[in-house]
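Single-letter residue listing:
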Amino acid sequence: MPKVAEKERKELEIKATGLLEKTRQSKAETVIHYGGARSSKSHTLSQFFIAKLFGEENQTLGFTRKTGPALKMSLESSAGIITLVKKYGLYNESSHYKSAPMNYRYGSNILWMFSMDEAEKLKSTGFNYIWMEEGNEYEYDDYMVLKLRLSEQTEGKQNQLFISLNPIDANNWIPVRLGPQANDEWIHSTYKDNIMNLPPAYVRGLEDLINQDEN
């Protein structure tokens with residue numbers, strides 16, 4: 001379980017899948033989480049970023065979607081970072097700046113939540129960690145812009161950019177541009193990684209899909 005510091009600096013127990021440990025262990029500069037519906041990839045990355053926000057110091061974090069409406073939808077989802085911060089009892093209204101670009105502060109840490117439409121407002125901001133949700137929405141140029149923002153110094157730690165997405169066409173820029181790179185890590189997940197949290201009827205429905213479309 002990740003250590004998430006509260007005011008009393010206690011360890012917060014968080015129910016997580018094995019994907020969280022894989023994410024924490026990765027040393028790659030770019031980490032691509034890919035998998036189908038309900039595989040817990042977004043939930044896992046939310047937990048990872050919450051652990052950084054509340055459990056470490058001097059961290060600048062970024063969560064982004066391609067567009068403003070998509071950003072709003074992600075932040076309001078059940079696996080969204082702010083949703084889980086509230087669920088874990090860590091939320092402080094006064095720490096949450098809700099105008100664009102949004103941010104949440106804890107101690108010496110800050111989490112920026114922005115769309116690529118707003119990225120220009122953060123052009124002088126450097127990051128330790130960035131998460132590109134629904135990576136297939138972006139262009140390669142977006143990736144390069146964000147990667148160049150991984151400029152904050154953290155002694156002994158690797159700055160990282162995370163991309164989460166569903167299975168995509170082999171001609172998409174992500175497998176074409178990132179697949180062969182030695183510094184990239186791909187973490188694949190399926191509903192089986194999250195099966196303990198899924199209703200049996202939902203699992204049966206997913207497994208029946210292979211009879212309709214193998215992909």
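In this report, the structure presented in the accompanying data block is examined. (Residues numbered from 1 in each chain as written. Predicted model: local features only at pLDDT ≥ 70, side-chain atom pairs only at ≥ 80, totals over all residues. Heavy atoms only, no water.)

1. Observations concerning the side chain of His33
Which entries qualify depends on this criterion: Numbering of helices and strands runs from the N terminus; a helix is a DSSP stretch of H or I covering at least four residues, while a strand is a stretch of E covering at least two. Summary of the burial criterion: residues with accessible area below 20% of their type's maximum are buried, those above 50% are exposed, and those between are partly exposed, where the area comes from a 1.4 Å probe applied to protein chains only. What makes two residues a contact is simply this: any of their non-hydrogen atoms within 4.5 Å.
Residue position: His33 is located in strand S1 (residues 30-35). Classification of His33 by relative accessible area gives buried; the value is 0%. Excluding residues that lie within four positions of it along the chain, His33 makes contacts with Thr23, Lys41, Leu45, Ile163, Ser164, Leu165 and Ile187.

2. Focus: the sheet that holds strand S8 (residues 184-189)
How we decide: Paired strands are those between which DSSP finds at least two bridges. Note on method: axes are straight lines fitted to C-alpha atoms, helices fitted across the in-contact stretch only, with angles between N-to-C directions ranging 0 to 180 degrees.
Taken together, the eight strands give an open sheet; going across it, the order is S3-S4-S5-S2-S6-S7-S1-S8, and neighbouring strands pair in mixed fashion. Of all the strands in the sheet, the pair left with one neighbour each is strand S3 (96-97) and S8. In this structure, strand S2 (residues 60-65) lies alongside strand S6 (residues 129-133), joined through four bridges in parallel fashion. If you follow Gly62 over to S6, its bridge partner there is Ile130. Helix-sheet contacts for helix H5 (residues 140-147) involve S1, S2, strand S5 (109-115), S6, strand S7 (160-165) and S8, and the interaxial angle to S7 is about 150°.

3. Notes on the environment of Glu134
Positionally, Glu134 belongs in the loop between S6 and H5. By relative accessible area, Glu134 is classed as partly exposed at 24%. As for Glu134 and Ala70, which are separated by 64 residues in sequence, their C-alpha atoms are 9.3 Å apart. When residues no more than four places from it in sequence are discounted, the contact partners of Glu134 are Arg65, Ser164 and Asn166.

4. Here's the deal with the packing of aromatic side chains
Definition in use: A pair of Phe, Tyr and Trp rings is counted when the ring centres sit within 6.5 Å of each other, with Trp represented by its six-membered ring. The angle between the planes then sorts it: under 30 degrees is stacked, over 60 is edge-to-face, the rest tilted. A ring is scored as having a charge over it whenever the NZ atom of a lysine or the CZ atom of an arginine sits within 6 Å of its centre and within 35 degrees of its normal.
Under the defined criterion, the tally for this structure stands at 14 aromatic pairs. Judged by centre distance (5.6 Å) and plane angle (40°), the rings of Tyr143 and Trp173 are tilted. Taken together, the residues Tyr143 in helix H5 and Trp173 in helix H6 (residues 173-178) connect sequence positions 30 residues apart. Members of the aromatic cluster, joined through ring pairs, are Phe48, Phe49, Phe63, Tyr129, Trp131 and Phe162. When the ring centre of Tyr140 is taken as origin, the NZ or CZ atom of Arg177, which lies over that ring, is 3.9 Å away.

5. Concerning unusual backbone geometry
Keep in mind that most residues, glycine aside, have a negative phi and that most peptide bonds are trans. The omega torsion across Ala100 and Pro101 is -10°, close enough to zero to call that bond cis. Structurally, the position occupied by Pro101 is in the loop between S3 and strand S4 (102-106). With a phi close to 55°, Asn58 is a non-glycine residue in the positive phi region. Its location among the elements puts Asn58 in the loop between helix H2 (41-55) and S2. Asn58 sits in the exposed class, given a relative accessible area of 53%.

6. What to know about H5
An α-helix turns once per 3.6 residues; consequently, residues spaced three or four apart project the same way. Definition in use: In this description, one arc is meant: the one made by directions from the helix axis to the C-beta atoms.
Restricting attention to buried positions, one finds in H5 the residues Asp142, Tyr143 and Leu146. For H5, the angular spread of the buried residues around the axis is 100°, confining them to a single face.

7. What about the environment of Ile50?
With respect to the secondary-structure elements, Ile50 resides in helix H2. Considering only alpha carbons, one finds Ile50 and Leu61, eleven residues apart in sequence, at a separation of 9.8 Å.

8. Description of the pairing of S5
Of all seven residues in S5, seven are buried; the element is thus mostly enclosed. Bridge analysis of S2 against S5 gives six bridges, and the strand direction is parallel. Directly across from Leu61, in S5, lies its bridge partner Leu111. From the end of S4 to the start of S5, which pair antiparallel, there are two residues, and Gly107 there has a positive phi angle of about 60°.

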